[in-house]
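The chain contents come next:
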Amino acid sequence: MSYFDQIDKSRIPQHIAVIMDGNGRWAKRQNLDRSFGHKEGIVAVRRAIEAAAKAQISYITLYTFSTENWKRPEEEVKALMALMIQAVASETPDLIKNNIRVKVIGEIDRLPDDTKKALDLCLEQTSICTGTTVILALSYSSKWEITEAMREIAADVKSGKINIDDIEESLIPQYLSTKGIPDPDILIRTGGELRISNFLLWQIAYSELYFTDELWPEFNEDSLYKAVLDFQNRERRFGKTSEQVSNNS
Ligand code: IPE
Ligand code: IPE
Ligand code: MG
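From a predicted model like this one, the values you see are computed outputs, not experimental measurements.

*Asks:* Where do I start with the sheet that holds strand 1 (residues 15-19) in this structure?
*Replies:* Strand order in the open sheet made by the six strands is 3-4-2-1-5-6, with parallel pairing throughout. What marks the edges here is a single partner per strand, and that holds for strand 3 (101-105) and strand 6 (208-211). Averaged over all adjacent pairs, the angle separating strand axes in this sheet is 20 degrees, with direction ignored. Judged from the four bridges that link them, strand 5 (residues 186-189) and strand 6 form a sheet pairing that is parallel. Pairing of isoleucine 186 across the sheet is with glutamate 208, part of strand 6.

Here it is in structure tokens:
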């Protein structure tokens, strides 16, 4: 039976977040330049999105470029930005055909104008789609996002829009860039590193973490479904006891 067939379709995770790591090592292993790894990484992105759509996963968030990645060699950053333009332009027609909506989170103003333009067009053209939503985390870091949120909350208190007493746990997500999007059920990280690298720190408070040694360009449909199967075999207790969870109390 295929991995897809083994998935319990009545318990599909609503939101999967992915730290797509290992492009550089994948290229290096074959004595290729790191940029080849990024290119092949885009093929893997396509596979992951299609697999998510096939399983009717509502949201898939892809960590595409972190705030810290701006510190990489200028050549690599340039190559990544150029690749993004190409990928977005060539993939948009298929995204529309597959009813996939694209959203972006992150400090978009830092992106070069032509990259921003290509992205804007994709966001606009896929905005009518109602199937799976792909959220690209671009020039994103969780500490940046939380800092922004704090600044906005402070401004709203200052202007009288909200009171200090209104600042409750349930208010914070309204100020995050993931506003309106349910927290990830699973966080997948490829490439073997066991860390979060400044990704969705608030939102993954209760996500199931799944680490794999597979390098991102190797990631395929089965890799995603294996992670879903692993998730379906876990018991999410949210602080309760196992007995409470099985009695549904
Ligand atoms: C992830 O792969 C892609 C980005 C961070 C843009 P890496 O480029 O980090 O690949 P490794 O970790 O060096 O192998
Ligand atoms: C995390 O990968 C960021 C993305 C996948 C976009 P990195 O390769 O940048 O992470 P670190 O620096 O090894 O933690
Ligand atoms: Mg890396």
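*Asks:* In this structure, what is going on with the site of ligand 2? I would like to understand it.
*Replies:* The environment of ligand 2 is formed by Ile19, Met20, Asp21, Tyr63, Thr64, Phe65, Ser66, Asn69, Arg72, Arg189, Arg195 and Ser197. Taking aspartate 21, its side chain carries an N or O atom lying 3.1 Å from an oxygen atom of ligand 2. At a separation of 2.9 Å, an oxygen atom of ligand 2 approaches a polar side-chain atom of asparagine 69. Bound to the protein, ligand 2 loses 78% of the 390 Å² it would expose on its own. When each cavity is represented as a set of grid points, ligand 2 is found to reside in the largest pocket. In terms of residues, the shell around ligand 2 owes the most to one element, strand 2 (residues 59-66), which gives four residues.

*Asks:* Looking at this structure, I do not really get the layout of surface pockets. What am I missing?
*Replies:* The gaps of empty space that remain are located by a probe, the size of a water molecule, rolled over the atoms. In this structure, the largest pocket spans a volume of roughly 950 Å³. Around the largest pocket, the lining is made up of 41 residues, and of these Met20, Asn23, Tyr63, Thr64 and Phe65 lie nearest the centre. Of all elements in the fold, only helix 2 (23-29), helix 3 (34-54), strand 2, helix 4 (74-97) and strand 4 (133-140) reach the threshold of two or more residues within the lining of the largest pocket. The residue inventory of the lining of the largest pocket, partitioned by class, reads 19 nonpolar, 10 polar and 12 charged. Taken as a whole, the second largest pocket spans an internal volume of roughly 200 Å³. Lining the second largest pocket are Glu169, Pro173, Leu176, Thr178, Lys179, Gly180, Ile181, Pro182, Asp183, Trp202 and Gln203. Counted by class, the lining of the second largest pocket contains five nonpolar, three polar and three charged residues.

*Asks:* Please clarify how the environment of tyrosine 3 should be interpreted in this entry.
*Replies:* Within the secondary structure, tyrosine 3 sits in helix 1 (residues 3-6). Under the relative-accessibility criterion, tyrosine 3 is labelled partly exposed at 31%. Sequence separation between tyrosine 3 and alanine 227 is 224 residues, and the spatial gap between their C-alpha atoms is 9.8 Å.

*Asks:* When you look at the packing of aromatic side chains in this model, what are you seeing that I'm missing?
*Replies:* Each aromatic ring pair is characterised by the separation of its centres together with the angle its planes make. The final tally for this structure, using the stated rule, is eight aromatic pairs. Taking 5.2 Å as the distance between ring centres and 50 degrees as the angle between the ring planes, the aromatic pair formed by phenylalanine 4 and tyrosine 225 counts as tilted. Linking phenylalanine 4 in helix 1 with tyrosine 225 in helix 7 (residues 221-232), this pair joins segments that are 221 residues apart in sequence. Here phenylalanine 4 falls in the buried class, since its relative accessible area comes to 17%. Here the aromatic rings of tyrosine 140 and tryptophan 144 are separated by 6.5 Å at their centres, their planes lie at 75 degrees, and the arrangement is edge-to-face. The exposure class assigned to tyrosine 140 is buried, which follows from its relative accessible area of 0%.

*Asks:* Help me understand the packing of helix 3 against helix 4 in this model?
*Replies:* At a minimum axis separation of 10 Å, helix 3 and helix 4 run at an interaxial angle of 25 degrees. As the angle between them shows, helix 3 and helix 4 are arranged roughly parallel. The chirality of how helix 3 crosses helix 4 is right-handed. In this structure, helix 3 contributes Arg34, Ser35, His38, Lys39, Ile42, Arg46 and Ile49 to the contact, and helix 4 contributes Glu76, Ala79, Leu80, Leu83, Ala87, Glu91, Asp94 and Leu95.

Reading the values: rules and limits
Residues numbered from 1 in each chain as written. Chains lettered and ligands numbered in written order. Predicted model: local features only at pLDDT ≥ 70, side-chain atom pairs only at ≥ 80, totals over all residues. Heavy atoms only, no water. Pairing = 2+ DSSP bridges. Helix = DSSP H or I, 4+ residues; strand = E, 2+ residues; numbered from the N terminus. Axes fitted to C-alpha atoms, helices over the stretch in contact; angles between N-to-C directions. Near = heavy atom within 4 Å. Polar contact = N/O pair within 3.5 Å; in protein donor to acceptor, adjacent residues only side chain to side chain. Areas by Shrake-Rupley, 256 points an atom, 1.4 Å probe, with all protein chains shown as cover. 1 Å grid on protein atoms, 1.4 Å probe; cavity = no way out; pocket = protein on both sides within 12 Å on 5 of 7 lines; lining within 4 Å. Sits in = over half its atoms within 2 Å of the grid points. Points joined across faces, edges and corners; volume = space filled by probe spheres on them. Nonpolar A, V, L, I, M, F, W, Y, C, P; charged D, E, K, R; others polar. Buried < 20%, exposed > 50% of the residue type's maximum accessible area, 1.4 Å probe, protein only. Phe/Tyr/Trp six-rings, centres within 6.5 Å; stacked < 30°, edge-to-face > 60°. Parallel < 35°, antiparallel > 145°, perpendicular 65-115°, else oblique. Left-handed = near helix turned anticlockwise from the far one by under 90°. Contact = heavy atoms within 4.5 Å.

Geometric values such as these leave the question of function open.
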